[in-house]
Amino acid sequence: MLGNDYARARKQYVEEVRQSFNHVQPDEYEEEAGAGTASFFKVRLLIAVCIFAAFVLCDRTGSRFYNYTTKEIVSMLEKEQFQSQLDSIREAWHSLTNEKQSEETKNE
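Conventions adopted
Within each chain, residues carry numbers counting from 1 in the order of the written sequence. Only residues with pLDDT of at least 70 are given local features in this predicted model, and only at 80 or more are side-chain atom pairs given and counted; all residues enter the totals for whole chains, interfaces and linings. To get the side-chain values, all heavy atoms of the structure are used, and hydrogens and water are removed first. Going along the chain from the N terminus, every DSSP run of H or I of four or more residues is numbered as a helix, and every run of E of two or more is numbered as a strand. Relative accessibility decides the category of a residue: with a 1.4 Å probe and only protein chains considered, values under 20% of the type maximum give buried, values over 50% give exposed, and everything between is partly exposed. The accessible surface values rely on the Shrake-Rupley method and a 1.4 Å probe; as for residues, cover is taken only from the protein chains in view. Every definition here rests on a 1 Å grid over the protein atoms only: cavities are sets of points where a 1.4 Å probe fits but cannot get out, pockets are open sets enclosed by protein on both sides within 12 Å along at least five of seven lines, and lining residues have some atom within 4 Å of a point. Grid points are joined across faces, edges and corners, and a volume is the space filled by probe spheres set on the points. Residues are sorted three ways: Asp, Glu, Lys and Arg are charged, Ala, Val, Leu, Ile, Met, Phe, Trp, Tyr, Cys and Pro are nonpolar, and all the rest, Gly among them, are polar. Polar contacts, as used here, are pairs of N or O atoms within 3.5 Å; protein pairs need one atom able to donate a hydrogen and one able to accept it. Residues neighboring in sequence count only if both atoms are side-chain atoms. By definition, residues are in contact when any of their heavy atoms lie within 4.5 Å.

J.: Where do I start with the overall build of the protein in this structure?
T.: Counting its secondary structure elements, the protein contains 4 helices and 0 strands. When the helices and strands of the protein are listed from N to C terminus, the series reads α-α-α-α. Each of the 108 residues in the protein was classed as buried or not, and the buried ones make up 3%. Working note: accessible area of the protein is about 10700 Å², and carbon and sulfur atoms make up 58% of it.

Here you go:
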């Protein structure tokens, strides 16, 4: 009888240990990955607000920024003279993200 009781107790102990390994604990660093993206967005937003504030300040005071008036800056933006460069940047970004996504799907 003692052998049977010992075997059952041992078997129960082994099952409890196995179940403890199957218990998934939350990853402490998982939350930080999303926080990094949010903080990067906040930094970008802050930079955009600062640039806009500088533009409004230059417009109100009549100051020049790198020898350009605010009217000249607005006319340059309206002409879309940088559109070809922006398009090439967008194409490069699109190709990079597509390559990254295709590599991730291959790895899975």
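J.: Would you mind showing me how to read the layout of surface pockets here?
T.: If a probe as big as a water molecule is rolled over the atoms, it shows which places are left empty. Here the largest pocket defines a volume of roughly 220 Å³. Every residue along the wall of the largest pocket is listed here: Ile51, Phe52, Ala54, Phe55, Cys58, Ser63, Phe65, Tyr66, Tyr68, Thr69, Thr70 and Ile73. Elements supplying a minimum of two residues to the lining of the largest pocket: α2 (30-61) and α3 (70-79). Among the elements that make up the lining of the largest pocket, the one with the highest residue count is α2 (5 residues). Looking at the lining of the largest pocket residue by residue, the class counts come to 9 nonpolar, 3 polar and no charged.

J.: Help me understand the side chain of Thr70, please; the structure alone is not making it clear to me.
T.: The topology assignment puts Thr70 in helix α3. A polar side-chain atom of Thr70 sits 2.9 Å from a polar atom in the side chain of Asp59. With near-sequence residues (within four places) excluded, Thr70 lies in contact with Phe55, Cys58 and Asp59.

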